[in-house]
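# Per-entry structural report
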Amino acid sequence: MKVPLLDLKPQYHSLKKEIDEAIANVIESQYFILGPEVDKMEQAFTKYLNCKYAYGVSSGTDALLLALMAIGIKPGDEVIVPTYSFFATAGVVSRLNATPVFVDCDPVTFNILPSALKSKITPKTKAIIPVHLYGQSAAMDEIIEIAKNANLKVIEDGAQAIGVQYKDGRHVGAIGDIGCFSFFPSKNLGCFGDGGLVTTNDDELAGRLKIMRVHGGHPKYYHKVIGGNFRIDALQAAVISVKLPHLDSWSEKRRENAELYTKLFTQAKLAQTDGVASFDDNNKVLLPKPVYKSDKIKNYHIFNQYIIRVEKRDELRKFLAENEIASEIYYPVPFHLQECFANLGYKKGDFPNSEFAANTSIALPIYPELTKEQITFIVETISKFLK
Ligand SMILES: *Cc1c(COP(=O)(O)O)cnc(C)c1O
């Protein structure tokens, strides 16, 4: 049985008529950059995320870069980021000639460890970028408290977490000072190219984000600040507007798939429960745990990725490939061990939880249209390998 890591075709075919029509309308209008389609999408997001402002931008990476520019990050400033994330989270800090300061992750959620954060704050620290990795919220209450006490801005990297709710139902991206999202095709809400979104509840930051999205001119051609071309195009916005009403039902299917994995792994006696942080004879597979699961919120986890950990990860990946099951390694090298950050002076062993995750984690297929039979086959294949 062939199982791809992600198959975007069934989703497109289920909405083909509406999407094709929306694209044709944009082409007919010949209005391609920002404009009414983008306005419409932005309004839908302020409602969906329950935030005051939402602006479409050119990508998730540009959302982060624009956010850092809007809060005034300058050369020499320090910005605290988790060492275990997608590269963009740290890359954008260095691109502004500021210094990314790395922090270890929680051993269960993979999200930034609030208890390790405080000691990293110096007089140069200006901001923290918590990442809502793999589709569940970082520990925002703890992070916001630390940030408030040290007068730091909080930029949320929600690229993998659009729609995710925290504790009482607040949407990630609307909790910190600025939220950043990506519409890269493989994210839970993907467009047909690159795209992203920034969100805020702060009037002044909103003004800066909006102006800096278009080179910083206000009025046009009069520049008090330097921005860039961070615009989303109308074709991408039109696609997102068709898809957004379906996001929650896709996330629900991902959760159901995750629950089935967890049930099958425990039934196969490869794991006793979810959220175990180290291997033993009863836990040869470590399962992800939705730590904010409660009856109060629906989107406590949206499983952008379903990440398990196993000791012989690379061998398992090879075995899965031989059985036509696709998988991926997120992320094999944490930032503190990346060659491009060698000048920052970190070394192996500095962040044990992140290194453990980088060495043992493997992403299994989790997309909404995955069948029960496919998931069962994947767990059976992993069972075969481990027994
Ligand atoms: C995908 C991703 C980004 C970057 O988004 P793009 O739209 O690809 O630029 C940033 N941060 C995280 C955590 C991501 O997963």
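So, here's what we can say about the structure. Along each chain, numbering runs from 1 in the same order as the chain's sequence is written. This being a predicted model, a pLDDT of at least 70 is required before a residue's local features are given, and a value of 80 or more before pairs of side-chain atoms are given or counted; all residues contribute to the totals for chains, interfaces and linings. Water and hydrogen atoms were dropped before computing side-chain values, which therefore reflect all heavy atoms in the structure.

## Examining the site of the ligand
To be explicit about the condition: Distances are taken per atom, and a residue is near a molecule or strand as soon as one of its heavy atoms is within 4 Å of it. Under this definition, polar contacts are N or O atom pairs within 3.5 Å; protein pairs additionally need one hydrogen-donor-capable and one acceptor-capable atom, and for neighbouring residues in sequence, both atoms have to be side-chain atoms. All accessible areas in this document rest on Shrake-Rupley with a 1.4 Å probe, and a residue is counted as covered only by the protein chains that are shown. For the purposes of this entry, the term helix denotes a DSSP run of H or I that reaches at least four residues, the term strand denotes a run of E that reaches at least two, and both are numbered from the N terminus. When residues are sorted by character, Ala, Val, Leu, Ile, Met, Phe, Trp, Tyr, Cys and Pro go into the nonpolar class, Asp, Glu, Lys and Arg into the charged class, and all the rest, Gly among them, into the polar class.
Near the ligand you find 15 residues, and of these Gly60, Thr61, Asp157, Ser182 and Lys187 are the closest. Measuring from an oxygen atom of the ligand, one finds a side-chain N or O atom of Gln160 at 2.8 Å. Between Lys187 and the ligand, the recorded distance is 2.6 Å, taken from a side-chain N or O atom to an oxygen atom. Relative to its unbound accessible surface of 380 Å², the ligand loses 93% to contact with the protein. At the level of elements, α3 (60–70) and α4 (88–95) are the ones that each hand at least two residues to the shell around the ligand. Per element, the largest residue contribution to the shell around the ligand is 3 residues, and it comes from α3. Residues belonging to the shell around the ligand are distributed by class as follows: 6 nonpolar, 7 polar and 2 charged.

## Quick look at the packing of aromatic side chains
Note the threshold: By convention, a stacked pair of Phe, Tyr or Trp rings (six-membered ring in the case of Trp) has centres within 6.5 Å and planes under 30 degrees apart, an edge-to-face pair has planes over 60 apart, and any other such pair is tilted. Burial classification: accessible surface area is computed with a 1.4 Å probe over protein chains only, and a residue below 20% of its type maximum counts as buried, one above 50% as exposed, and the rest as partly exposed. When the NZ atom of lysine or the CZ atom of arginine is within 6 Å of a ring's centre and also within 35 degrees of its normal, the charge is said to sit over that ring.
This structure, assessed with the given rule, holds 23 aromatic pairs. With a centroid separation of 5.0 Å and 45 degrees between ring planes, the pair formed by Phe102 and Tyr346 is classed as tilted. With a gap of 244 residues between them, Phe102 in strand β3 (residues 99–103) and Tyr346 in the loop between α9 (313–322) and α10 (352–360) connect regions that are remote in the sequence. A centroid spacing of 4.9 Å and a plane angle of 75 degrees characterise the contact between Tyr166 and Tyr292, whose relative ring orientation is edge-to-face. With Tyr166 in strand β6 (residues 165–166) and Tyr292 in the loop between α8 (247–267) and β10 (306–309), this pair connects stretches of sequence that are 126 residues apart. Like Tyr166, the residue Tyr292 is buried in the burial classification. Put simply, the rings of Tyr84, Phe86, Phe110, Tyr134, Tyr330 and Tyr331 touch in pairs and so form one group of aromatic residues. In this structure, Lys187 is placed above the aromatic ring of Phe86, and the distance from its NZ or CZ to the ring centre is 5.8 Å.

## Considering helix α5 (residues 140–150)
Where we set the bar: Taking the helix axis as origin, the arc is that swept by the directions to the C-beta atoms. It only takes one pair of heavy atoms within 4.5 Å for two residues to be counted as in contact.
Taken residue by residue, α5 has Met140, Ile143, Ile144, Ile146 and Ala147 as its buried positions. End-on, the buried residues of α5 take up no more than an arc of 165 degrees, which puts them together on one face. Summarising the geometry of α5, the exposed residues directed more than 90 degrees from the buried face are Glu145, Lys148 and Asn149. Turning to α5, the residues buried within the fold contact β4 (125–128), β5 (153–157) and β6. Positioned one or two residues after α5, Asn151 has a phi angle of 60 degrees, which is positive.

## So, the sheet that holds β4
Operational definition: Strands were regarded as paired on the criterion that DSSP finds at least two bridges between them. Axis lines are fitted through C-alpha atoms, for helices just across the contact stretch, and the angle between N-to-C directions can take any value from 0 to 180 degrees.
The sheet built from 7 strands is open, its strands ordered β1-β9-β8-β5-β4-β2-β3 with mixed pairing. Looking along the sheet, the strands with just one partner apiece sit at the ends: β1 (53–57) and β3. Neighbour to neighbour, the strand axes of the sheet diverge by 25 degrees on average, direction disregarded.

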